[in-house]
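Analysis of the macromolecular model
Each chain, letter by letter, is given below.
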Amino acid sequence: MNITLKVWRQKGPNSLGAMETHKMTEVSGDMSFLEMMDVLNDRLVREGKEPFAFDHDCREGICGTCSMFINGEAHGPGRNVTTCQLHMRSFKDGETIHVEPWRSAAFPVIKDLTVDRSSFDRIIQAGGYVSVNTSGDTQDANSIPIPKHDADEAFDSATCIGCGACVATCKNSSAMLFVSAKVSQLSLLPQGKTESSERVLRMVDQMDIEGFGNCTNTGACEVECPKGISLTNIARMNREFLSSTLTSK
Amino acid sequence: MLDSKIPEGPLAEKWSKHKDNIRLVNPANKRHIDIIVVGTGLAGASAAASLAEMGYNVKSLCFQDSPRRAHSIAAQGGINASKNYQNDGDSVYRLFYDTVKGGDYRSREANVHRLAEVSGSIIDQCVAQGVPFAREYGGLLDNRSFGGVQVSRTFYAKGQTGQQLLLGAYSALSRQISKGKVEMLNRHEMMDVVKIDGKARGIIARNLITGEIERHSAHAVVLCTGGYGNAFYLSTNAMGSNASAVWRAHKKGSFFANPCFTQIHPTCIPVSGHYQSKLTLMSESLRNDGRIWVPKSKSDVEAIRNGSKKAIDLKEDERDYYLERRYPAFGNLVPRDVASRAAKERCDAGYGVNKTGQAVYLDFASAFERYGKTEVLTQGIENPTHEQIINLGREVVKSKYGNLFDMYKQITDDNPYETPMMIYPAVHYTMGGLWVDYNLMTTVPGLFAAGEANFSDHGANRLGASALMQGLADGYFVLPYTIGDYLADDIRTGKIPTNSPEFDEAEKQVKDEISALINNNGDTPVDDFHRRLGLIMWNKCGMARNEKHLKEAIVEIQELRKEFYAKVRVSGSADDFNPELEKATRLADFLELGEAMCLDALTRSESCGGHFRDESQTEDGEALRDDENFTFVSAWEYTGAPSEAKLHKEPLVYDNIELKQRSYK
Amino acid sequence: MSKTGILKSSLSKKYAMAFTGLFLCLFLVGHLLGNLQLFASGPEGQSAFNEYAEFMTTNPLIKVMSYLTYASILFHVLDGFVLTLNNRKARPVKYVVEKGKLNSSWASRNMALLGTILLVFIVTHMNNFWYVMHFGEIPMVDGLKDLHTITLAFFNPQINSLAAVMTLLYVFAMISMGFHLNHGFQSAFQSLGLNHPKYTPVIKFAGTAFSVIVPAGFASLPIYLFLIQS
């Protein structure tokens, strides 16, 4: 099939960007979106032009590296997929496809479609862990039974891949879904419960410092999240933050 | 002379005695010692976190935009540990034995036993970190079984075990970063090792955003940079997975062990077109419930290929469940190398079921029925229809492998609940790697390698769910202790300056290489060469190898390398974020490593594990080892060119296990 | 502990929005119940409404409540304003193509716009009645200020030439309020963390019902008064 691409070109963090148009022919429906971008880049190199810089790594939907805003949606039109798992059969012959980087003050553009998401790392560093040493001399793994339901729910929250689609999608660039998923995972498990109160305060603080916007409960993040992380995580974090601020000394 | 430094004493006491006897660095001195850890996968993140926690100053590098993205994240099925929670007779010894046997008797007994000993602690550690492993209704941990073993010892978190374990290690690393004990350098790629007075004393790294070439010094350097499967271009590795760090270390004096030992994973989604950039794995855990087959008759194969018949149209007796037929004891759960070769054998014989003839079926129909029948009983449904049973069974399978089925559908546009999956083997893991001694140190003093980057534990074939085990064992429980033995000499060294001539020279060399690539007046994109290298490797150094092909491959790779330097075009600039340049420097190393792999495969004229030489097979086509001549580790020393590498042999001594022809029948 | 503090944290701003919003919902119920008396016609209706108006402006408890309401409105507006400014700042460069409608409701994306419309309406509405009741010249009937007549006259096209426009404005404002409530009601519960697989669907249903019934009730009054008098 034939496709018209309009792709964001931006030289560096402080340069102005603009959309650039490229025609693609003989696109196969079995190609992933990134493979289609590979073909475009291959052509650009052969023509002596600079290819588009975009982030990608595992290409199987789990590393969370790929990050394109395609046709007005994070990771494009599919549901529960990342850009690398989005296939060209999701588009129509002759369609015009807009490709942009994630846009958020907390995710500055590095080049073209590549953004800097280290703000997410700093939020995890603020408290997204259990303060346990790695000596291995902890208690036996089976010494605390965890209700299957809690373990499953914690797992669901833990499946967040940190891609930033929630931020990219949210009209306010809010990182609540990302932060709340980690807060939820750890507070649902007895191992993480002990410090859940300090954790939520510190992580929310860091989130605010990074310049993410506020959650206005539009629910767009949940819809666009490639891993289907639920809004109940946000509610849980709201609850935990409220009780933690009221009870912290 | 290679000294593997395996401690004396009975096998089961080697590790604990060694730990008791190795030198330690006291806490006050650790503060004055710097360690660089390259890579943030399971081995790297856990090592960096543990070393920082012990008090060392750690610098951690990853080329990805965040340490959480390392490719360990993509491991699906699970992690082994000899906890024996299932009471099925598992033990440290059995895990050790299975691993040595699975590796076709080409791994070190002492290392593997140590791995089995610490395996239980890994699970304890991960649970304590908040890793949400799958649990049973009683709240205790669940297990599943994996290929090559007869117990259920695999702990898992749906089909995302690697992700959960990596996020656990990442959280431990993040904790140390927040304490200032680890300096994290995202989007930094190691370009070379710097050696001073024969010891590794730092690295040259490239800041991938600014292009700046940086000097980092340390008292020891730890490489946890994963495997080199991307030498094949198409593999289940991530696009960025590369061998540059280990190859550069090799060129600086670290011996490279068993480079030809690559694992071809039997259950991957087949190639769909020439634009294909990577292959996707379907977890081995699927072989717990899926049955692998091809049609018995060629006419059915034809009919399926031209679309006049579908898989589900074939009756039971028209199907050849070839693994169950050939290996009744292990059936669909034979080790990976065996399953892969069996698939290749059928496809080469003309029974492949897709258009390219390179695919077999992985069928869940009988699992649907089996689970459905159990569900019917537990739910107390009377006189269920067949459809009801199947639907209930589908639900059970969905709860176990839902994400894998979704992924399959996403990629192929086929619904695996309705029709069998099509799978074909693909390059997945490399057992070879930098040669390390018992302390995980390479032949360059102060340069360590852990995880997939070293060679030590898996012999000629890795069992499923053992890579995660090894990565975390090395990072959490082995390296943090053994590194002290080396660093004990460095407590008075003081900070290593980066303005020495050695750093000058290493930096200059890196800069020269980069500018040569950038300024090369070629016209061909990097990927073009990578694809061609991949094709040579896959066809001539893949699932089956022979002398003729390997010799051809070596010449072809040498020619391709020449052509690469003559014709490659690397667009953009060196002082900027430039993914093309990253690919080019990595490919330059693969183009040398590929040759080393072929040379090693040529030298090892026996078959063992994942390394299958056509010249060395049993009457019924199984891998035939030559223990008399090849019970050793091939450790290659770089002497100026891949083809001139010098072979050193580390004899493998089996005091506790009797060497047998592996049989899964 | 918290570096940004309870009052400055982004979540606390959300709690404030939720609390004030829910309080204003309560106010709406009271206000609507009182206003529905306008459906009663004749002198009884007139005196009952005027007594209600007198009660609402003089009872000390109601006075406290009314100050709380003013404060809530003010806080809701200011907080909303700050949040909106923050949120704009969080995305300095806009998308060229953005298809929010594929993942969220129109109302949820336009709360600030809807809120602004409501603010304009509240000012107009208070100017029309509240100001007249408190500070304007107003005829007395049976010793009570005759707000009833004032109200009827306001929507009487024979007396007020702008009655039709005002009726339309009121109805438009109530539609806006419906959308605002449709998102705001259940959103407040989410912001406060009151989320439960069993009860959240109930809350969502209640929110939808509230956002239809209350604005419809309010809107019915100007329409009724306008129609019976024209």
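These figures come from a predicted structure and were not determined experimentally.

What about the sheet that holds strand E6 (residues 188-196) of chain B?
Residue and element names in this part refer to chain B. The 3 strands lie next to each other as E6-E7-E8, forming an open sheet whose pairing is antiparallel. Across the chains shown, the open sheet's two edge strands, defined by having one partner strand only, are E6 and strand E8 (213-217). Averaged over all neighbouring strand pairs, the angle between strand axes comes to 30 degrees, with direction disregarded. In this sheet, strand E7 (residues 199-207) lies alongside E6 in antiparallel orientation, the contact comprising 8 bridges. When the sheet's bridge partners are listed, Glu189 is paired in E7 with Arg206.

Re the domain arrangement of chain A
Residue and element names in this part refer to chain A. Parsing chain A into structural domains produces domain 1 (3-111) and domain 2 (118-247). If you look at the interface, domain 1 gives 20 residues, while domain 2 gives 20 residues. The junction of domain 1 with domain 2 conceals about 1400 Å² of combined surface from both sides, 54% of it contributed by carbon and sulfur atoms. Scanning the region where domain 1 abuts domain 2 turns up 1 salt bridge. A salt bridge links Glu224 to Arg79, with the shortest nitrogen-to-oxygen separation between them at 3.2 Å. Remark: the boundary between domain 1 and domain 2 carries 4 residue pairs in polar contact (both at pLDDT 80 or more). The class makeup of the residues in the side of domain 1 that touches domain 2 is 10 nonpolar, 7 polar and 3 charged.

Re the interface of chain B and chain A
Each partner contributes to the interface: chain B provides 80 residues, whereas chain A provides 75 residues. With both sides pooled, the region where chain B packs onto chain A buries about 6200 Å², and carbon together with sulfur makes up 51% of that total. The three residues of chain B that bury the most area against chain A are Arg69(B), Arg135(B) and Tyr275(B), which together make up 12% of that side's buried surface. Seen at the junction of chain B and chain A, the total is 8 salt bridges. Where Asp528(B) meets Arg46(A), a salt bridge forms, and the shortest distance between an N and an O atom there is 2.7 Å. At the junction of chain B and chain A, the tally comes to 45 residue pairs in polar contact (both at pLDDT 80 or more). Counting residues per element, the side of chain B that touches chain A draws most heavily on helix H6 (residues 161-178) of chain B, at 10 residues.

Let's talk about the packing of aromatic side chains
Taken as a whole and judged by the stated rule, the model has 44 aromatic pairs over all chains. Ring centres 6.4 Å apart and planes at 55 degrees place the aromatic pair Trp293(B) and Tyr321(B) in the tilted group. Residue Trp293(B) is located in strand E12 (residues 291-295), and its partner Tyr321(B) is located in the loop between strand E13 (319-320) and helix H9 (322-326); the two are separated by 28 residues in the primary sequence. There is no split in this pair, since Trp293(B) and Tyr321(B) are both buried. Seen from their ring centres, Tyr131(C) and Phe135(C) are 5.6 Å apart, and the 50 degrees between their planes marks the pair as tilted. Of this pair, Tyr131(C) and Phe135(C) both sit in helix H6 (residues 111-135), 4 residues apart, roughly one helical turn. For Phe135(C), a relative accessible area of 56% puts it in the exposed group. These aromatic residues form a ring-pair network of at least three members: Phe364(B), Phe368(B), Tyr401(B), Phe405(B) and Tyr417(B).

What to know about the state of the cysteines
All names here are of chain A. One pass over the structure, following the stated rule, counts 0 disulfides over all chains. The thiol of Cys58 is unpaired, and the distance to the nearest cysteine sulfur, on Cys63, comes to 3.6 Å. Assessed through its relative accessible area of 1%, Cys58 is described here as buried.

Rules of the game
Residues numbered from 1 in each chain as written. Chains lettered and ligands numbered in written order. Predicted model: local features only at pLDDT ≥ 70, side-chain atom pairs only at ≥ 80, totals over all residues. Heavy atoms only, no water. Pairing = 2+ DSSP bridges. Helix = DSSP H or I, 4+ residues; strand = E, 2+ residues; numbered from the N terminus. Axes fitted to C-alpha atoms, helices over the stretch in contact; angles between N-to-C directions. Domains from an automatic or database assignment. Contact = heavy atoms within 4.5 Å. Buried area = accessible area lost by both parts, 1.4 Å probe. Salt bridge = Lys/Arg side-chain N within 4 Å of Asp/Glu carboxyl O. Polar contact = N/O pair within 3.5 Å; in protein donor to acceptor, adjacent residues only side chain to side chain. Nonpolar A, V, L, I, M, F, W, Y, C, P; charged D, E, K, R; others polar. Phe/Tyr/Trp six-rings, centres within 6.5 Å; stacked < 30°, edge-to-face > 60°. Buried < 20%, exposed > 50% of the residue type's maximum accessible area, 1.4 Å probe, protein only. Disulfide = S-S within 2.5 Å.

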